[in-house]
Amino acid sequence: MKLRIHRSGDCARSEEYEVPEFDGMTVLDALMWVREHRDPSLAFRFSCRCANACKECIAVVDGDRRYTCTVAALGEVTVEPLQNKPLLHDLAVDQ
Ligand code: FES
């Protein structure tokens, strides 16, 4: 799948990554793959990794506010930080 990430911070930019798919992969899994294999500096928040328990993984996914751990990573996906929260870095906001 292709993951497009709008990274915010001192050097705001959009980056695209080709991420190998696996069954049941979520957008959070894809973000974790990018951080582990392509860019360890990618900032995003999560805690529980299961549907909707911690609510830390919320971001704008293809234009809608979603919990990234609940969204299937299929085809092309665009992820952006929430716009209504103080930005910390990349996709991480102060909740
Ligand atoms: S990681 Fe906790 S709700 Fe998504």
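About the cut-offs
- Starting from 1, residues in each chain are numbered consecutively following that chain's sequence as written.
- Only residues with pLDDT of at least 70 are given local features in this predicted model, and only at 80 or more are side-chain atom pairs given and counted; all residues enter the totals for whole chains, interfaces and linings.
- As a rule here, side-chain values come from all non-hydrogen atoms in the structure, and water together with hydrogens is ignored.
- Counting from the N terminus, the helices are the DSSP runs of H or I reaching at least four residues and the strands are the DSSP runs of E reaching at least two.
- Any pair of residues with heavy atoms lying within 4.5 Å of one another is described as a contacting pair.
- Note on aromatic pairs: the rings of Phe, Tyr and Trp (six-membered ring only in Trp) are paired at centre separations within 6.5 Å, and the planes decide the class, stacked below 30 degrees, edge-to-face beyond 60, tilted for the rest.
- Throughout, exposure labels follow a simple rule: accessible area from a 1.4 Å probe, protein chains only, divided by the maximum for the residue type, with under 20% read as buried, over 50% as exposed, and the rest as partly exposed.
- Charge-over-ring contacts are defined here by two conditions on Lys NZ or Arg CZ: a distance within 6 Å of the ring centre and an angle within 35 degrees of the ring normal.
- Definitions used for this entry: grid spacing 1 Å over protein atoms alone; cavity, a set of points where a 1.4 Å probe fits but cannot get out; pocket, an open set with protein on both sides within 12 Å along at least 5 of 7 lines; lining residue, one with an atom within 4 Å of a point.
- Grid points are joined across faces, edges and corners, and a volume is the space filled by probe spheres set on the points.
- Gly counts as polar in this scheme, as do all residues outside two lists: the nonpolar Ala, Val, Leu, Ile, Met, Phe, Trp, Tyr, Cys and Pro, and the charged Asp, Glu, Lys and Arg.
- One bridge is not enough; two strands pair if DSSP finds at least two bridges between them.
- Fitted lines through C-alpha atoms give the axes, limited to the stretch in contact for helices. The angle between two N-to-C directions lies from 0 to 180 degrees.

1. Points about the side chain of Thr 26
Move 1: Along the chain, the position of Thr 26 falls in the loop between strand E2 (13-18) and helix H1 (27-37).
Move 2: Ignoring any residue separated from it by four or fewer positions in sequence, one finds Thr 26 in contact with Thr 68, Cys 69, Val 71, Ala 72 and Ala 73.

2. Here we look at the packing of aromatic side chains
Move 1: Applying the stated criterion across every chain yields a total of one aromatic pair.
Move 2: Their ring planes at 25 degrees and their centres at 5.9 Å tell us that Phe 44 and Phe 46 sit as a pair that is stacked.
Move 3: Classification of Phe 46 by relative accessible area gives partly exposed; the value is 24%.
Move 4: A cation sits over an aromatic face here: Arg 35 above Phe 44, 4.1 Å from the ring centre.

3. Quick word on empty space enclosed by the protein
Move 1: All chains considered together, the criterion is met by one cavity of 30 Å³ or more.
Move 2: The calculated volume of the largest cavity comes to roughly 70 Å³.
Move 3: In terms of lining, the largest cavity is formed by 13 residues, of which the most central are Phe 44, Arg 45, Cys 57, Ile 58 and Leu 91.
Move 4: Broken down by secondary-structure element, the contributors of at least two residues to the lining of the largest cavity are H1, strand E3 (58-61) and strand E7 (92-93).
Move 5: The residue makeup of the lining of the largest cavity, split by class, is nine nonpolar, two polar and two charged.

4. Concerning the sheet that holds E3
Move 1: As summarised here, the arrangement of the five strands in space is E2-E1-E5-E3-E4, forming an open sheet in which the pairing is mixed. Because the sheet does not close on itself, it has two edges, and the strands there are E2 and strand E4 (64-67). The average angle at which neighbouring strand axes cross in this sheet is 35 degrees, direction not considered.
Move 2: Here strand E1 (residues 2-7) pairs with E2 via six bridges, running antiparallel. Residue His 6 lies in a different strand from E2, and its bridge partner there is Ser 14.
Move 3: Contacts from H1 reach E1, E2, E3 and strand E5 (76-80), with the element oriented near 75 degrees to E1.

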